[in-house]
Amino acid sequence: MDRESYSQGFADGVAFARQEMGVTASDLATRQTRRKKVGSGNRNSPKNRILTEMTAKKWAKYKKGSGKKTYVQIRAMVSRSQEYKRKTKNM
């Protein structure tokens, strides 16, 4: 796809959005910044605090070795664990 056809397709899309949906060009440009980020819930919820504490314990043990997992992977493992599910069952 060459540059002219790509820019023409974009211009057609903007024109359609203006006509059919009543959207301005500035609305289209700022759409990404106004979108709510995934996972931007309450970071200090009781469940999150428990998950962070449990992950910190596992991470402290894990990083002493020569492991290849990241903190996020360890946190995901903890969130799927039976121990975490028991602690947060009635929250």
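First things first, this report covers the structure right here in the doc. What you are looking at is a predicted structure, and each value in this text was computed from that prediction instead of being measured.

Criteria and cut-off values
Residues numbered from 1 in each chain as written. Predicted model: local features only at pLDDT ≥ 70, side-chain atom pairs only at ≥ 80, totals over all residues. Heavy atoms only, no water. Helix = DSSP H or I, 4+ residues; strand = E, 2+ residues; numbered from the N terminus. Polar contact = N/O pair within 3.5 Å; in protein donor to acceptor, adjacent residues only side chain to side chain. Contact = heavy atoms within 4.5 Å. Phe/Tyr/Trp six-rings, centres within 6.5 Å; stacked < 30°, edge-to-face > 60°. Buried < 20%, exposed > 50% of the residue type's maximum accessible area, 1.4 Å probe, protein only. Core = buried A, V, L, I, M, F, W, Y, C linked by side-chain atoms within 4.5 Å. Axes fitted to C-alpha atoms, helices over the stretch in contact; angles between N-to-C directions. Parallel < 35°, antiparallel > 145°, perpendicular 65-115°, else oblique. Left-handed = near helix turned anticlockwise from the far one by under 90°. Nonpolar A, V, L, I, M, F, W, Y, C, P; charged D, E, K, R; others polar.

## Observations regarding the side chain of Thr 55
Step number 1: Here Thr 55 shows up in helix H3 (residues 46-64).
Step number 2: Polar contacts involving the side chain of Thr 55 include one to the main-chain carbonyl oxygen of Leu 51, which spans 2.6 Å.
Step number 3: Ignoring sequence-local partners within four residues, the contact set of Thr 55 consists of Tyr 71, Ile 74, Arg 75 and Val 78.

## A look at the packing of aromatic side chains
Step number 1: The tally for this structure, following the rule as stated, stands at two aromatic pairs.
Step number 2: Ring centres 5.7 Å apart and planes at 85° place the aromatic pair Trp 59 and Tyr 71 in the edge-to-face group. In this pair, Trp 59 sits in helix H3 while Tyr 71 sits in helix H4 (residues 71-80), placing the two residues twelve residues apart along the sequence.
Step number 3: Judged by relative accessible area, which is 32%, Tyr 71 ranks as partly exposed.

## So, the nonpolar core
Step number 1: Among the nonpolar cores identified, the biggest contains six residues, and these are Ile 50, Leu 51, Met 54, Ile 74, Val 78 and Tyr 84.
Step number 2: Within the residue set of this core, elements represented by two or more residues are H3 and H4.
Step number 3: Beyond its immediate stretch of four places on either side in the chain, Ile 50 contacts Tyr 84, Lys 87, Thr 88 and Met 91.

## Here we look at the packing of H3 against H4
Step number 1: Running from N to C, H3 and H4 cross one another at 120°; their axes reach a closest spacing of 9 Å. Considering the angle they form, H3 stands oblique to H4. By crossing handedness, the relation of H3 to H4 is classed as right-handed. Within the contact between the two elements, H3 uses Asn 48, Leu 51, Thr 52, Met 54, Thr 55, Lys 58, Trp 59 and Tyr 62 and H4 uses Tyr 71, Ile 74, Arg 75, Val 78 and Ser 79.
Step number 2: Partitioned by chemical class, the residues of the contact of H3 with H4 number seven nonpolar, four polar and two charged.

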